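Okay, here's what each chain looks like letter by letter:
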Amino acid sequence: MVALNVAILMLTVFGLMYARAPALIWTVTIGVVLVGVSIAGKLNIVFLFFCWILYIAAVLFVYLHQYRQRYFSKPLIEFLQKRMPSISESERDAIEAGNVWWEKELFCGRPQWKKLLHNPKPTLTPEEQSFLNNEVETLCSMINEWKVFHEDKDLSPEVWAYLKASRFFGLVIPKEYDGLGFSALAHSTIVTKIATRSPSAAVNTMVPNSLGPAELILYYGTSEQKKYYLPRLAKGEEIPSFGLTAPEAGSDAGSITDSGMVCYGQHDNKEVLGLRLNWDKRYITLAPIATVMGIAFRMFDPDHLLGEKENIGITLALVPTTHPGVEVGTRHIPLYLAFMNGPTRGKDVFIPLDWIIGGVKMAGQGWRMMMESLSVGRSISLPALSTAAAQSAYLGTGAYARLRKQFNVPISSFEGIEEALGDIAGYTYLLESCRTMTAGAVDLKIRPSIVSAIAKYHMTEMARIIMSHAMDIHAGHGVQMGPRNTVAITYFAVPITITVEGANILTRNLIIFGQGAIRCHPYILEEVNLFATPDSPKKIKALDKLLLSHIGYALSNVVRSFWTGITGGYLMLSPVHGPVAKYYRQLSRMSSSLALLSDMCMLILGGNLKRKERMSARLGDILSQLYLASCVLKYFQDQGKKPADLYHVKWCLEHCLSKIQIAIDDLLDNFPMGWLGKILRALIFPWGIAYRKPNDQLTHQMVKSMLEPSELRDRLTQCCYIGNDHEPLRKLQNAFMKAQTVDSIWKKFQSAVRHGTLPLYGSLESKMQKAVHAGILTQEEMSLLREYNDLYQEIIRVNEFTFDLQTVVK
């Protein structure tokens, strides 16, 4: 009876903590339970007295606000004030840019899965699907990627004209401005398909729709700027470019030295108030052919012509490239890809103030404008390129491994090749899941700054792994350049995606968790803002309330982590039943662990956490893998929970959980306080390692579905441009389909050779003739085998060139 009463008391306390119950519920529930065990129980009087003292002390602490604020909160605030990170103006703009979405649910430890699953399935409209099936297909058929890459170093004039005429540069510009008004999902899918044909064409297409001035004008421009520029951009009458990166301002883009001085000058033969700009930019996509440049610069008003403020801040302006003093035209060579990229410079370029994007009222708002636009563009462009690389490899490399024989067996049957194919298959499913869910978020009118950073970093890194595996599998066939090579140009393109829109090292180490912790945490951002205000009784009162809630939140995370740890998460609720229900539980468990670890790291390190980049990166890895796993579950749900997907789904989820295990292990192995790291490990993983990477059997089953025709294979490669019978991918696909019929014939033929019924030596043709004569093959089987062999020889062939490498011989 005593044990039962103690258990009731402890479970009540733990249950209230676990549920994050409000203070009033705590007070009433604990009071009732204490009264009950005091009357009915046979507890030791000392223990019971101790429980009542703790309860009364807790009640007084919670409800005697003035005493708590004076003797607890104020000293705590003074202590924390020294540990709070200082946030610069540019950091604040970056942190506050965009919106938080599902990642906040994951960060706070109690993801509401039904909320995610109830989001509408991202779907193309009939108009968007028609454009993909017709205009995009036509565009891809017009591109000779080898000629673009090796000879012309540019798209053909006919392709440029088609891009403009078909309004590829106005995919997201609303119809009221003569654009196509497509969704983010359509934008992403179109870029993905183009990229499977030509990465250079994809980049030239995506930049005007995501990182160019169009989006900035659409969201921030004046009505005059919208009416003038948006129709011209949509119809390709203007080619846009946006200049941010400078020689001394790369990843630290906020440190740009390009300047704009407020002054009077001549414009249209009139003296007007404007800006004298000087800039030196590089790595600017479309700059060599741009007709209008968006320029980021620091705006200064030394003569106070606009007001008292001298350093107005980063500002964005539109400048025609024909304007006096503007220099464009020279090119960079980004890993020999042909998309237009180059420098731009401006010397004493005078522009009127109404060329500022959004007008004078938006002066100094440029950094926030760029960060918000980047959060949208980064959700679409690089995820699309990464998915294109994956889908091309899934289709082409999978087929090649299935067809290519060594030692008389397909190389896909070798376990080393199968392991590499497993990564390609699993990552392709992950990438498609992440692409559709992230683009879908944009279509929900969310500007997902943190999610876009997660997608940018992890999707480009997965694409890098995929293309490395693809090159390993194709081996010599992948190394020899030429029109027959289906992997090399994409292989060259991948490092570019790693470096642009925020270098991956920076994104992982500083942005994902650094920005995520402040935006996603339920209390930190408000606390940081309050700590930055002058001391006052109002500040103490507000912080006191916040800190009390924060303490309750932290204690709840401790209890949740402990409970989910000792139960293995198996008692948690799942929104679904069936084979994936356990993964929802495990992800909820790790979400609680992330909430606990985040609070502990911020408490111990305070503002120093942003300088502990490895810790920040590992915490970011946990958040990222939770998001990627969520994408897989949402995609699986949206596709109707098809049984054929299960091997891919399980592989992806086990992969994500194993990555979380590694990130937590690395974090706790290097925790600033070793003893605390051991305690946290015991709380989170009391039974030792909980997650391991997908096993060989699961990988084998997943790869099997990659190597045979199926609805899943078609769906995961639906964005691939295959082309006509002369295209290498089409030849691979044709041979792949024929192999399903020819396999049994080939095995029968080879068995006869092995058993000596047919000669070991001689041409294939002569042996087939003898096989027909001996009754081993029929005439029809010989014809099928001959046709297949001709196709096989064609796909394993590599190009040969004249000595000057200018003309393809074969």
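Anyway, here's the lowdown on the structure attached to this text. Just so it is clear, the model here is predicted, and its values are computed rather than measured.

Calculation criteria
- Residues numbered from 1 in each chain as written.
- Predicted model: local features only at pLDDT ≥ 70, side-chain atom pairs only at ≥ 80, totals over all residues.
- Heavy atoms only, no water.
- 1 Å grid on protein atoms, 1.4 Å probe; cavity = no way out; pocket = protein on both sides within 12 Å on 5 of 7 lines; lining within 4 Å.
- Points joined across faces, edges and corners; volume = space filled by probe spheres on them.
- Helix = DSSP H or I, 4+ residues; strand = E, 2+ residues; numbered from the N terminus.
- Nonpolar A, V, L, I, M, F, W, Y, C, P; charged D, E, K, R; others polar.
- Contact = heavy atoms within 4.5 Å.
- Salt bridge = Lys/Arg side-chain N within 4 Å of Asp/Glu carboxyl O.
- Buried < 20%, exposed > 50% of the residue type's maximum accessible area, 1.4 Å probe, protein only.
- Phe/Tyr/Trp six-rings, centres within 6.5 Å; stacked < 30°, edge-to-face > 60°.
- Pairing = 2+ DSSP bridges.
- Patch = residues over 30% accessible without salt bridge, like charges linked within 9 Å, V, L, I, M, F, W, Y side chains within 5 Å.
- Areas by Shrake-Rupley, 256 points an atom, 1.4 Å probe, with all protein chains shown as cover.
- Polar contact = N/O pair within 3.5 Å; in protein donor to acceptor, adjacent residues only side chain to side chain.

**So, the layout of surface pockets**
Put simply, the second largest pocket is a space of about 1,200 Å³. Taken together, 38 residues line the second largest pocket, and the ones lying closest to its centre are Ala23, Trp26, Ala58, Val62 and Leu555. Elements represented by at least two residues in the lining of the second largest pocket include exactly helix 1 (2-19), helix 2 (23-40), helix 3 (45-63), helix 4 (65-83) and helix 22 (537-566). By residue class, the composition of the lining of the second largest pocket is 27 nonpolar, 6 polar and 5 charged.

**Digging into the environment of leucine 546**
Its place among the elements puts leucine 546 in helix 22. Leucine 546 sits 537 residues away from leucine 9 along the chain, and the two C-alpha atoms are 28 Å apart. Contact partners of leucine 546, with chain neighbours within four places excluded, come to Tyr523, Glu526, Glu527 and Leu530.

**Describing unusual backbone geometry**
Located in the positive-phi region is arginine 20, a residue other than glycine, with phi close to 55 degrees. By the element assignment, arginine 20 lies in the loop between helix 1 and helix 2. One non-glycine residue, aspartate 348, lies in the positive phi region at around 50 degrees.

**Remarks on the pattern of salt bridges**
Side chains carrying opposite charge are able to pair once their charged atoms draw close together. Applying the stated criterion to the full structure yields 32 salt bridges. A salt bridge links glutamate 711 to arginine 715; its shortest N-O distance comes to 2.9 Å. In this pair, glutamate 711 and arginine 715 both sit in helix 28 (residues 711-716), 4 residues apart, roughly one turn of the helix. Looking at glutamate 711, the relative accessible area reads 39%, which means it is partly exposed. Judged by relative accessible area, arginine 715 falls into the buried class, the value being 7%. Ionic contacts of the salt-bridge type, sharing partners, join the residues Asp178, Arg232, Lys235, Glu237 and Glu238 into one network.

**A look at the packing of aromatic side chains**
On inspection of all chains with the given rule, the structure shows 24 aromatic pairs. Ring geometry for tyrosine 67 versus tyrosine 71: centroids 6.4 Å apart, planes at 15 degrees, classification stacked. Highlighted residues: tyrosine 67 and tyrosine 71, both in helix 4, separated by 4 residues, approximately one helical turn. Assessed through its relative accessible area of 52%, tyrosine 67 is described here as exposed. The exposed category is assigned to tyrosine 71, whose relative accessible area is 56%. Seen from their ring centres, phenylalanine 149 and phenylalanine 492 are 6.0 Å apart, and the 15 degrees between their planes marks the pair as stacked.

**Re the pairing of strand 4 (residues 292-300)**
Across the 9 residues of strand 4, 7 count as buried, placing the element largely inside the fold. Relative to strand 4, strand 1 (residues 240-243) is paired through 4 bridges, and the arrangement is parallel. The residue bridging phenylalanine 242 from the neighbouring strand is glycine 294, located in strand 4. Inspection of the sheet shows strand 2 (residues 259-267) paired to strand 4 by 3 bridges, in the parallel sense. When the bridges of strand 4 are listed, serine 259 appears paired with arginine 298.

**Observations regarding the side chain of serine 658**
The topology assignment puts serine 658 in helix 25 (residues 646-669). With relative accessibility at 6%, the residue serine 658 sits in the buried group. Serine 658 has contacts with Tyr691, Arg692 and Lys693, leaving out every residue within four places of it along the chain.

**Overview of the pairing of strand 3 (residues 270-285)**
Strand direction decides the pairing type here: strand 2 and strand 3, joined by 9 bridges, are antiparallel. Bridge pairing links glycine 260 to leucine 277 in strand 3. What sits between the antiparallel neighbours strand 2 and strand 3 is a turn of 2 residues, in which aspartate 268 has the positive phi angle 55 degrees. When strand 3 meets strand 7 (residues 341-352), the two strands line up antiparallel, connected through 9 bridges. Note on strand 7: the bridge partner recorded for leucine 275 is isoleucine 351.

**Regarding a nonpolar patch on the surface**
On the surface, Met10, Phe14, Phe562, Trp563, Ile566, Leu571 and Trp687 cluster together into a nonpolar patch covering about 720 Å² of accessible area. Elements represented by at least two residues in the nonpolar patch include exactly helix 1 and helix 22. Examining the composition of the nonpolar patch, we find that 3 residues originate from one element, helix 22, more than from any other. Positionally, methionine 10 belongs in helix 1. Overall, methionine 10 belongs to the partly exposed group, its relative accessible area being 42%.

**Examining the side chain of asparagine 799**
Checked against the element boundaries, asparagine 799 lands in the segment after helix 31 (779-796). In terms of polar contacts, asparagine 799 uses its side chain to reach the backbone amide nitrogen of arginine 484, at 2.8 Å.

**Looking at the environment of alanine 595**
Turning to its location among the elements, alanine 595 is positioned in helix 23 (residues 581-605). Exposure remark for alanine 595: the relative accessible area of 2% places this residue in the buried category. In the structure, alanine 595 is positioned 39 residues away from serine 556 in sequence and 9.7 Å away in space, judged by C-alpha atoms. Excluding anything up to four places from it in sequence, alanine 595 contacts Phe107, Cys108, Gly109, Tyr553 and Asn557.

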